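Close look at the chain arrangement
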Amino acid sequence: MAHQCTNAEELIEEDLSSSVTEGEAFRRWRPGYHLIAPWGWMNDPCAPVYDPKTRLYHVAFQWNPKQNDWGDISWGGATSPDLVSWTVSTSPVLVPTTPYDYRGVFTGCARYTALNGEENGVITYFYTSVSQLPIHFTLNYQRGCETLSIATSNNGGASWDRYSRNPILPGPPEDLVVTGWRDPFATPWSSLSKFLGNDDPDALYGFISGGIHLQTPTTFLYSINPKNIAEWTYMGPLMTGLLNKKISKWSGDLGKNWEVTNMLSLQDSMGHSHEFLIIGSEGCLEPSYSLPQVPSSTIRTPRSQVWLSGTFSSPLPSSKTTSPKLEYQYSGVFDHGLLYAVNSFPDPISNHHIAFGWIPEEDLPDPLRHNQKWSGCLSLPRQVFLSTIPHVVSARAILLEDITCMDKKLDGDGTVRVTTLGIRPDPRLEGLRTAARQVDSGATLKKPMSLGLGLAAIELDVLTLHWELDCSISVGESCERVGLSIFHSLDAESETTISYSPQTSTLLISRPSLDLLASNVHFSQESAPHALLTSLDPVSKATREERLDIKIFYDNSVLEVFANERTVITTRLYTMAERCFGIKIWAEDGSEGSEVATIERCVAWDGLSSHASKLLATT
C-alpha cells in the first residue's frame with residue numbers, strides 16, 4: 001500500500017531537513033549500549049543460546065536490512081562473550097529464500113544440539129517459516145501460511161544450513177480454527193515429565209504460540225523426540241478459557257492471541273517447582289498506558305507483555321484430548337511499558353534464565369522514524385527468577401489479597417509467604433561501568449519550611465545520555481510522592497519524572513514533549529501498580545517495610561526502570577538534548593515538618609559504554 005504524507009508529516013520532514021544532516025538524524029536517538037541492528041527495521045529477539053565451544057552467547061533478531069519498515073523479515077545475528085559487548089553481523093544470518101519461507105523468517109528458538117540430540121558443537125534453530133501474508137489474529141487464518149522449519153550451524157554460527165526436509169510441521173492441527181501458530185520454543189520440562197510419569201531425563205517439549213478462534217489464546221504443546229528433534233508430535237492446547245482474562249490491573253490482560261510464549265520452571269527454597277509462561281499477548285481490551293496528553297499520530301498496538309503461573313491438571317473425561325493442561329493460578333505484567341516479544345534461555349554460566357525483549361519505535365511518527373534510517377532495539381538482558389518474600393504482614397495502602405500478581409501462602413507464624421516472578425538487570429551489566437564516572441549522594445529528605453512547595457531535593461551531576469542509577473529509599477509514613485527528575489535542558493523546562501505514590505501504589509513516568517514543528521510524538525505517561533510490603537522479623541517480632549529500590553538504565557532515547565526486582569517499565573524519551581543536565585531526587589510531604597523519605601543508597605554511573613561492541617562484516 002502506498003504511503004501518502006499528510007500536511008503534518010510534510011511539515012516534520014521540512015523541519016528536519018532544515019535542521020539536521022542524515023548522519024545526525026541516524027545518531028540522535030540511537031542507543032549506545034543496547035543491542036541494535038546496523039540499520040533498518042528490527043523487532044523480536046530470536047534464538048538466544050550459549051555456545052560452550054566458542055564461549056559466546058548468540059542472539060538473533062528479526063531484521064529488515066532493506067528498509068526501515070516491517071517486511072522482508074530476515075534474521076540478524078549478534079554474539080557476545082558476556083551479554084554486554086556485542087559483535088553484530090552486517091548481513092542477515094537467515095534470509096527468506098525458499099518457497100516455504102519466502103515471505104519471512106519469523107521468530108524462533110535455539111537448541112545447542114545436533115538433530116540427533118547430541119551436543120557436538122552444532123546449534124539448531126527452530127523458526128517460523130512464512131509463505132503467505134498478511135497474518136493477523138483479526139483475519140481469517142490461511143492454512144499453510146506459517147510452518148515450522150529448522151536451520152543448523154556446525155561452525156559457531158558463521159553459516160547456517162536449512163534442513164533438507166523443511167518444513168518439519170505443515171501448520172496447526174487440522175481440527176482447530178486458530179488465530180495464529182508461530183514462534184516455536186523447545187525445552188526440557190522435568191515437572192511436566194514427572195506429572196506424565198515420563199522418566200526419560202532427555203524428554204523435550206515444544207510450544208507454538210497462537211490461539212483458538214473466539215475461544216482462547218493459548219500455546220500448542222508438542223512432544224519432541226530427543227533423538228530426532230525434527231520430530232514433533234502434537235499433544236494439545238496447553239491452556240484454555242483465557243480470552244481477555246484480566247483479574248485486575250496487577251494481573252495484565254491475557255488477550256486473544258499469544259506470541260513468543262516461553263516456558264520456565266523456577267525452584268523455591270523448599271525445592272518446589274513453580275511453572276511460568278512468559279507471553280506476548282495480542283488483542284488486549286485496554287492499553288497498558290495512560291491517555292495521550294496531546295493529540296498524537298502514533299497509537300500503540302493493543303498488546304501487552306505478561307506472564308502467568310499455573311499448575312498441571314489432567315483432562316476432563318469429556319475432553320477430546322488426553323493432553324495435560326496448565327491451570328491458571330495468577331499472572332502479572334512482565335513490563336508495563338513498550339517492551340514486547342520477550343524471548344529467553346537458560347544460561348549455564350549464571351544458572352539463571354535470561355530474557356531479552358523488543359523495544360519498538362512505536363511512539364515516533366513515521367516521518368521521524370524514517371528519517372533516522374533505523375527502528376527498534378533489544379532490551380538489556382534481564383534475569384528472571386522466583387522472588388519469595390517471607391513473613392509478610394501487610395502492604396502499604398492496599399490489601400494483600402488485592403495484589404493479584406502474587407501467590408500467597410500462610411507461614412507457620414500466621415504471616416504470609418509471597419511469591420511472584422522476579423525480574424532484574426543481569427549483574428554482568430556492571431561491565432558497562434568500566435569507563436564511567438561514579439557519582440554518589442546520600443541524605444535525608446525533609447520538608448524545609450523556606451521552600452514553601454513541600455519539596456526538598458538532592459542533585460546528581462549526571463551529564464551524558466548513557467548512565468545507570470541505583471537508588472534505595474526508605475519511604476516515610478507521611479510521604480505523598482517520592483521520585484526523581486531527569487533534566488533535558490539547562491533551564492529544567494524539559495524533564496522526565498519518575499515518581500512513586502505510596503498511597504495509590506503507583507509507579508509513574510512522565511515524559512517530556514518534543515519541541516519540533518507538528519511532531520506528534522506520543523509522550524503519554526507510563527504507569528505500573530507497585531506496593532511496598534511490610535514483613536515481620538521472626539526473631540525480634542518487629543515489623544519493617546521494605547525500601548523502594550530503583551534501578552534505572554538510560555541510553556539516549558531508551559529508559560528501563562526496575563522497582564524492587566518485580567516491577568519494570570521500559571519506554572522511550574525523544575528529546576533534542578545532546579546531553580543530560582543533571583538528576584534531582586525529591587520527596588513530597590503530607591504533614592508539616594515530618595521526615596518524608598531517607599535515601600539509604602544512591603549511586604550513578606555516568607558515561608556507560610559497551611566499549612567492545614562492533615560490527616562484523618560478513619559475506
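Residues numbered from 1 in each chain as written. Predicted model: local features only at pLDDT ≥ 70, side-chain atom pairs only at ≥ 80, totals over all residues. Heavy atoms only, no water.

Further remarks concern the overall build of the protein. Scanning the protein from terminus to terminus reveals four helices and 39 strands. Counting the 619 residues in the protein, one finds 60% classified as buried. For the protein, long-range pairs separated by at least 24 residues make up 67% of all intrachain contacts whose partners lie at least 6 apart in sequence. Per element, the accessible surface of the protein, about 24900 Å² overall, is 52% carbon and sulfur. (Helix = DSSP H or I, 4+ residues; strand = E, 2+ residues; numbered from the N terminus. Buried < 20%, exposed > 50% of the residue type's maximum accessible area, 1.4 Å probe, protein only. Contact = heavy atoms within 4.5 Å. Areas by Shrake-Rupley, 256 points an atom, 1.4 Å probe, with all protein chains shown as cover.)

Taken in spatial order, the four strands make up an open sheet running S5-S6-S7-S8, and their pairing is antiparallel. Only two strands of the sheet have a single neighbouring strand rather than two, namely strand S5 (104-111) and strand S8 (161-162). One ladder, built from two bridges, connects strand S7 (residues 146-153) with S8; its direction is antiparallel. Counted as the bridge partner of Thr 152 is Asp 161 from S8. (Pairing = 2+ DSSP bridges.)

What follows deals with the pattern of salt bridges. Applying the stated criterion across every chain yields a total of 28 salt bridges. With a shortest N-O distance of 2.9 Å, Asp 366 and Arg 369 are connected by a salt bridge. Of this pair, Asp 366 and Arg 369 both sit in helix H4 (residues 366-372), three residues apart, roughly one helical turn. With relative accessibility at 30%, the residue Asp 366 sits in the partly exposed group. Residue classification places Arg 369 among the buried positions, given a relative accessible area of 6%. Note that Glu 468 is salt-bridged to Arg 433, the shortest N-O span being 2.8 Å. In this pair, Glu 468 sits in strand S27 (residues 466-475) while Arg 433 sits in the loop between strand S23 (416-425) and strand S24 (437-440), placing the two residues 35 residues apart along the sequence. Each member of the pair, Glu 468 as well as Arg 433, carries the same accessibility label: buried. One salt-bridge network, in which partners are shared between bridges, spans Glu 430, Arg 433, Glu 468, Asp 470, Lys 551 and Arg 601. (Salt bridge = Lys/Arg side-chain N within 4 Å of Asp/Glu carboxyl O.)

Turning our attention to the state of the cysteines. Considering all chains together, one arrives at zero disulfides under this definition. Between Cys 602, a cysteine without a disulfide, and Cys 471, which holds the nearest cysteine sulfur, the sulfur-to-sulfur distance is 3.8 Å. On the accessibility criterion, Cys 602 (2% relative accessible area) is buried. (Disulfide = S-S within 2.5 Å.)

This structure, assessed with the given rule, holds 23 aromatic pairs. Plain terms: the ring middles of Trp 307 and Tyr 330 are 5.7 Å apart, the flat faces sit at 90 degrees to each other, and that makes the pair edge-to-face. Residue Trp 307 is located in strand S15 (residues 303-313), and its partner Tyr 330 is located in strand S16 (residues 325-335); the two are separated by 23 residues in the primary sequence. For Tyr 330, a relative accessible area of 3% gives the class buried. Here the aromatic residues Phe 126, Phe 220, Tyr 222, Trp 232 and Tyr 234 are joined through ring pairs into a cluster of three or more. One cation-aromatic arrangement involves Arg 28 over Trp 29; the distance from NZ or CZ to the ring centre is 4.1 Å. (Phe/Tyr/Trp six-rings, centres within 6.5 Å; stacked < 30°, edge-to-face > 60°. Lys NZ or Arg CZ within 6 Å of the ring centre and 35° of its normal.)

Our next topic: the sheet that holds strand S9 (residues 178-187). Strand pairing in a sheet takes place through backbone hydrogen bonds and is either antiparallel or parallel in direction. Pairing is antiparallel in the open sheet, where four strands are placed in the order S9-S10-S11-S12. One side of each edge strand has no neighbouring strand; the edge strands of this open sheet are S9 and strand S12 (228-237). Between one strand and the next, the sheet's axes are offset by a mean angle of 25 degrees, whatever the strand orientation. Inspection of the sheet shows strand S11 (residues 216-225) paired to S12 by six bridges, in the antiparallel sense. Bridging from a neighbouring strand, Tyr 222 pairs with Tyr 234 of S12. (Axes fitted to C-alpha atoms, helices over the stretch in contact; angles between N-to-C directions.)

Once that is clear, we can look at unusual backbone geometry. Residue Pro 134 follows Leu 133 across a cis peptide bond; omega there is 5 degrees. As for its position among the elements, Pro 134 is in the loop between strand S6 (123-130) and S7. Asn 166 connects to Pro 167 through a cis peptide bond whose omega is -10 degrees. By the secondary structure assignment, Pro 167 is in the loop between S8 and S9. Located in the positive-phi region is Asn 244, a residue other than glycine, with phi close to 50 degrees. Summarising the element assignment, Asn 244 is placed in the loop between S12 and strand S13 (257-267). Classification of Asn 244 by relative accessible area gives buried; the value is 14%. A positive phi angle is found at Ala 397, which is not glycine, with a value near 65 degrees.

With that settled, consider the side chain of Asn 556. Residue position: Asn 556 is located in the loop between strand S34 (548-555) and strand S35 (558-563). Overall, Asn 556 belongs to the buried group, its relative accessible area being 8%. Within polar-contact distance, the side chain of Asn 556 engages the backbone oxygen of Arg 30 at 2.9 Å. When near neighbours in sequence (up to four residues on either side) are disregarded, Asn 556 contacts Arg 27, Arg 28, Trp 29, Arg 30, Pro 31, Leu 465, His 466 and Leu 573. (Polar contact = N/O pair within 3.5 Å; in protein donor to acceptor, adjacent residues only side chain to side chain.)

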